[in-house]
Amino acid sequence: MSISLFLLLLLALAAAAYVAGRARAEMVAGGDIRRLHSLPRQHGLNLAIAFALPALVGYAAWRMAGAGGGLWSTLLILALGAASALAVWLALKPETRARNEVEAATKLFLIACSVIAVATTIGIFLSLIFETIAFFQKYPAAKFLFGTKWAPDFRGGSDLGVIPLLWGTLYVSAIALAVAVPVGLFAAIYMSEYASPRVRALAKPAIELLAGIPTIVYGLFALITVGPMLRDWIAQPLGFGTSGASVATAGLVMGVMIIPFVSSLSDDIINAVPQSLRDGSLGLGATPSETIRQVVLPAALPGIVGAVLLAASRAIGETMIVVLGAGAAAKLSLNPFEAMTTMTVKIVSQLTGDTDFAAPETLVAFALGLTLFLITLALNILALVIVRKYREQYE
Amino acid sequence: MKDHLERRMTTTDLNRMTARNVQVYYGQNHALKDVDVDILDKTVTAFIGPSGCGKSTFLRCLNRMNDTIQGASVEGQILLEGEDIYDRRVDPVQLRAKVGMVFQKPNPFPKSVYDNVAYGPRIHGLARSKAELDQIVESSLRRAALWNEVKDRLTAPGTGLSGGQQQRLCIARAVATNPEVLLMDEPCSALDPIATAQVEELIDELRANFSVVIVTHSMQQAARVSQKTAFFHLGHLVEYGDTTQIFTKPRDPRTEAYITGRIG
Ligand SMILES: Nc1ncnc2c1ncn2[C@@H]1O[C@H](COP(=O)(O)OP(=O)(O)OP(=O)(O)O)[C@@H](O)[C@H]1O
Ligand SMILES: [Mg+2]
């Protein structure tokens, strides 16, 4: 039996159990539901859960054990659920605490959902780890971690140093954040503290539109507009080189892309600061800007750090804008008008085309992925530390 | 501050603030109608009246805190030392430094107790040195009857204090800024009798130099601390006069009904 058919059947039977539970509760109450500890619908829910939970767990265990979903085994599992429901049905008395049982089942369900999220992260991490170990068996870890040259060659003898890629990633992200954080934060302050509700209702969606533009469109914008502009107006006149693709181009365009991540979230957070705090400050004769700097922003800081972090993760993971804006040449240079590239771009290029999943040139992609993962993890921990430190001071 | 002091000494007008024909609208809602009140120098004025009658609204008119409320509009004339505070040339920021306010709900900043009290003095540059600032903070906390409870935890967050302590912290914060007129919206509503007595003492002490306006739901408190009383009802100023007169020989039947507990 297919999974969808099984789920459909399960749902129908659970509904039947619900109806049966209700009816049974009303019956044992003898027409006066005030005699019941729990309401009839709670008994119904309890019975439905008593049926569905064992059946679902049984089915999942059966599938994971590798057994196919045969008709008889499926029916057996449904019978298991029915037996458990029947036991509850028979034991139903006016003083049965169905309400508390349902509460416990709800909690279990919520726990299961958070476990799924955490387990996925761990799963991703583990799969990256295994491939990375395989890579390090073929290529020395020290050469990967400290190598300053990136020159993969599928015929062998590659240089797979991560430093130039790491440098490119951090450089581009830093430029992007340098654009997005001030612009986004000040836009958020304007929208939440100064703008009239009408202006705000227009400006906020307009800024959020920036986040909805596909990154490939940003890439094109970088390639045909920003790149040549920076080259002709700044890089060439100042003697920084003649490259159209550059870190500055990609960083600038990426910065524009992540402005809404900073501004929209910060705006919500600043708005959530209670008006009474502003009134308190204004009532002491502080100007609006003093109020914002000394009262509103400190109160909103943890949330703003979170917003900046989200933007940083976006910048670090961005690929398309880098390919088109900064090029694909791995280089270690301080000059922002030079073409460089990032880890994500190289992950894509190492895994596209004819790939041999045993070659270090391919496996290196997983090591790069793990590095990215660790960087974002470190960023998150950093943010937690900042927020905690601030909390200790004030709250 | 210097010139304020000089001006205060040379002033001959006993009226520190004069409100004439004040109307307040919240959108369509006409919340305050034809209010005329004088806030005298070195006097405590009490605003009394049933809940929702517009006491807080009128209090907020006196330092233009209504400016921060969307849709609120104020008409009429309010003078501070002869100057119309709603005149376009008047800076509401400077006005609020002179006319301080303690709000109905305690609103300490998410900063330390010390920084809460030092907030105003720092903004207005009232202290020349750290020692002087320490001194202002200590004396303000003492006047608000909070010093003994917080002197060992000045660096602890103000938001971590109890409700009544927070209210006294807000009083200390307002006193530290050294205003000429202090508006207090139910400053004792969360305080025990001992702290209430201490705050009333503070109000009496402040009267030596400033004008104090206090909103209160306690008739006894109004009778104890104030020299002038204004009774509001349904957005109207029903009666304004000497506290003793209001409480002993009210002219309006509504005033009498309220102070004897028959409407409210
Ligand atoms: N921000 C606001 N927006 C709209 N209406 C308001 C606002 N604040 C007050 N009002 C209205 O104005 C009227 C007077 O309110 P106000 O807060 O001045 O009453 P109050 O006398 O201080 O009452 P209380 O003793 O309960 O504090 C009320 O009808 C209230 O609904
Ligand atoms: Mg009020």
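Preceding block: the structure.
This one's a predicted model, so the numbers in the text were calculated from it and none came from an experiment.

Colleague: Would you mind showing me how to read the overall build of chain A here?
Modeller: Within chain A, the regular secondary structure consists of 14 helices and 2 strands. Here the C-alpha atoms of chain A give a radius of gyration of 29 Å, more than 25% beyond the 21 Å that 2.2 N^0.38 yields for 395 residues. Oriented by its inertia axes, the alpha-carbon framework of chain A measures out at about 90 × 70 × 40 Å. Accessible area for chain A stands at about 20,300 Å²; split by element, carbon and sulfur atoms hold 71% of it.

Colleague: Mind showing me how you'd approach the interface of chain B and chain A here?
Modeller: Accessible area lost when the parts come together is the quantity often used to give the size of an interface. Between chain B and chain A, the contact holds 24 residues from the first and 22 residues from the second. Summed over both sides, the interface of chain B with chain A buries roughly 1,900 Å², with 62% coming from carbon and sulfur. There are 5 residue pairs in polar contact (both at pLDDT 80 or more) connecting chain B and chain A. The residue makeup of the side of chain B that touches chain A, split by class, is 13 nonpolar, 8 polar and 3 charged.

Colleague: Explain the site of ligand 1 to me, please; I cannot follow it from the model alone.
Modeller: All names here are of chain B. In the neighbourhood of ligand 1, 14 residues make up the surrounding shell, with Ser51, Gly52, Ser56, Thr57 and His217 lying closest. Gly54 places a main-chain nitrogen or oxygen 3.0 Å from an oxygen atom of ligand 1. Between ligand 1 and Lys55 there is a distance of 2.8 Å, counted from an oxygen atom to a side-chain nitrogen or oxygen. Relative to its unbound accessible surface of 630 Å², ligand 1 loses 65% to contact with the protein. Looking at which element gives the most residues to the shell around ligand 1, the answer is helix H2 (residues 55–62), with 4 residues.

Colleague: Explain a nonpolar patch on the surface to me, please; I cannot follow it from the model alone.
Modeller: Residue and element names in this part refer to chain A. A cluster of nonpolar residues, Ile213, Ile216, Val217, Leu220, Leu223, Ile224 and Met320, forms a patch on the protein surface that exposes about 570 Å² of accessible area. Ranked by residue count, the leading element in the nonpolar patch is helix H8 (residues 215–238), at 5 residues. Along the polypeptide, Ile224 turns up in helix H8.

Conventions adopted
Residues numbered from 1 in each chain as written. Chains lettered and ligands numbered in written order. Predicted model: local features only at pLDDT ≥ 70, side-chain atom pairs only at ≥ 80, totals over all residues. Heavy atoms only, no water. Helix = DSSP H or I, 4+ residues; strand = E, 2+ residues; numbered from the N terminus. Rg over C-alpha atoms; globule rule 2.2 N^0.38 Å. Areas by Shrake-Rupley, 256 points an atom, 1.4 Å probe, with all protein chains shown as cover. Contact = heavy atoms within 4.5 Å. Buried area = accessible area lost by both parts, 1.4 Å probe. Polar contact = N/O pair within 3.5 Å; in protein donor to acceptor, adjacent residues only side chain to side chain. Nonpolar A, V, L, I, M, F, W, Y, C, P; charged D, E, K, R; others polar. Near = heavy atom within 4 Å. Patch = residues over 30% accessible without salt bridge, like charges linked within 9 Å, V, L, I, M, F, W, Y side chains within 5 Å. Salt bridge = Lys/Arg side-chain N within 4 Å of Asp/Glu carboxyl O.

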